[in-house]
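# A look at the structure
Residue strings, one per chain:
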Amino acid sequence: MSDVLIVGGGIMGLWAAIMADRAGLKTRLVERDVLGAGASGGVLGALMPYMPDRWDEKKQFQFDALVSLEAEIASLEAETGLPAGYRRCGRLMPLAKPHLREIALRHEKDALVNWRSGASQFHWHVREKLPDEDWLAPAAAASGIVHDTLAARVSPRRLIALLAARLRQSSNVRIEQGRVLIGLDPATGRAEFADGRSETFDQCVLANGVQAFRLIDRFVTTPVASGTGVKGQAALLRLDAIDPALPIIFTDGVYVVPHENGLVAIGSTSENTFDKPFTTDEQLDMLLARAADLAPLVRKAQIVERWAGIRPKAAGRDPMVGRHPRHGNLHILAGGFKTTFGIAHRLAAAVIGEMGGKVDQALPDSFRCQSHVAQLETPV
């Protein structure tokens, strides 16, 4: 019998398996398709901090996670010899109007207070001059720019491959792909799969993206759904001459993310209503046109891939993390939505730590599974 059954081979499930292995737990990770087949297998990879103002426990948790991720990835790269395509490249945000500059100047002071980690100080600089007019169009930044030094990027698919390679080095971890979970009974510690086989478990972690909500809903005494899927569209472009050290450009929902090997990612739409979840359409075309207006170099790029997928968003918007309040052997790791890649390692550590009786005091209360369940079951 496996000590831990992890359902889902995306970024959440893989980090959970890493943390379980570090804890010395015998672990089976089961994925319905192939590792990273869902939203985790996208192309964007932007690791973006919250604004530095109105600081709270949620912003502090994300900040600490973004800072610690760099060392986590470096350690895994050393263990496996594989690259994750990580770089703390920073971010440019054009200021189109004077009032936006005034707000940005206030945030510059906020960052001096809140964006500190040990001896490291991350900055939110308000600048007049553009670093590269071919990279960020002057017309988009009539009132200057913000240049923050905290934002980073990672290659989603390379990180998935890195985590999987590290897990395959362990004799405590078994990865099974192509197995679809159809039933789960925490009372008996049994999971049923579409192939007719069942698995028993001491502890189970649901980390299977949007599919997790369907299972969670069975253990909530309300007709309200615990979460939903939001469609996102993005594109990967080739621009051989691009400098991979360039900062991310972000404004008004448009991301332009330089990667290694002459690649640039453009994203992302957020669509609550859709008919074709895995098909790109004119919304991506419009996004690409807006990106080209922001970054003139994009006009010279060749489209390598158009991508669409479904990102899981919990009903309370925050990630749903930790032990289910009525089932002590059922743990949830779902609903990260747009923040998942930057905080998944910390969320996974909290879940695995809780199995051993260690409560992560830094985990925001609004993230905890019990808080989500209580909110879902509170009469309106």
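The structure under discussion appears in the preceding block.
Criteria and cut-off values
Residues numbered from 1 in each chain as written. Predicted model: local features only at pLDDT ≥ 70, side-chain atom pairs only at ≥ 80, totals over all residues. Heavy atoms only, no water. Salt bridge = Lys/Arg side-chain N within 4 Å of Asp/Glu carboxyl O. Helix = DSSP H or I, 4+ residues; strand = E, 2+ residues; numbered from the N terminus. Buried < 20%, exposed > 50% of the residue type's maximum accessible area, 1.4 Å probe, protein only. Expected span 1.5 Å × (residues − 1). Bend = angle between axes of the 7 residues up to and from the residue. Axes fitted to C-alpha atoms, helices over the stretch in contact; angles between N-to-C directions. Parallel < 35°, antiparallel > 145°, perpendicular 65-115°, else oblique. Contact = heavy atoms within 4.5 Å. Nonpolar A, V, L, I, M, F, W, Y, C, P; charged D, E, K, R; others polar.

Inspection of the entire model under this criterion finds 28 salt bridges. A salt bridge links Arg 28 to Glu 176, with the shortest nitrogen-to-oxygen separation between them at 3.7 Å. Linking Arg 28 in strand 2 (residues 27–31) with Glu 176 in strand 10 (residues 173–177), this pair joins segments that are 148 residues apart in sequence. Using a relative accessible area of 14% as the deciding quantity, one classes Arg 28 as buried. For Glu 176, a relative accessible area of 8% gives the class buried. Where Arg 290 meets Asp 252, a salt bridge forms, and the shortest distance between an N and an O atom there is 3.2 Å. Here the residue Arg 290 occupies a position in helix 6 (residues 282–294), and Asp 252 occupies one in the loop between strand 15 (248–251) and strand 16 (254–258), the gap between them amounting to 38 residues. Residue classification places Arg 290 among the partly exposed residues on the basis of a relative accessible area of 35%. Each of Arg 28, Arg 174, Glu 176, Arg 179, Asp 195, Arg 197 and Glu 199 takes part in a single network of salt bridges with overlapping partners.

Glancing now at helix 7 (residues 340–355). End to end, helix 7 covers 21 Å across 16 residues, agreeing with the expected 22 Å (1.5 Å per residue, within 8%). The principal kink in helix 7, of about 25°, is found at Arg 346. Backbone geometry just downstream of helix 7 places Gly 357 in the positive-phi region, at approximately 90°.

With that out of the way, let us pick up the packing of helix 2 (residues 57–80) against helix 7. The geometry of a pair of packed helices is captured by two quantities: the angle between their axes and the separation between those axes. Between helix 2 and helix 7, the least distance of the axes is 8 Å, while the angle of their chain directions is 90°. The orientation of helix 2 relative to helix 7 falls into the category roughly perpendicular. The segment helix 2 lies against helix 7, with Phe 61, Gln 62, Asp 64, Ala 65, Leu 66, Ser 68, Leu 69 and Glu 72 engaging Phe 341, Gly 342, Ile 343, His 345, Arg 346 and Leu 347. Considered class by class, the residues forming the contact of helix 2 with helix 7 number seven nonpolar, four polar and three charged.

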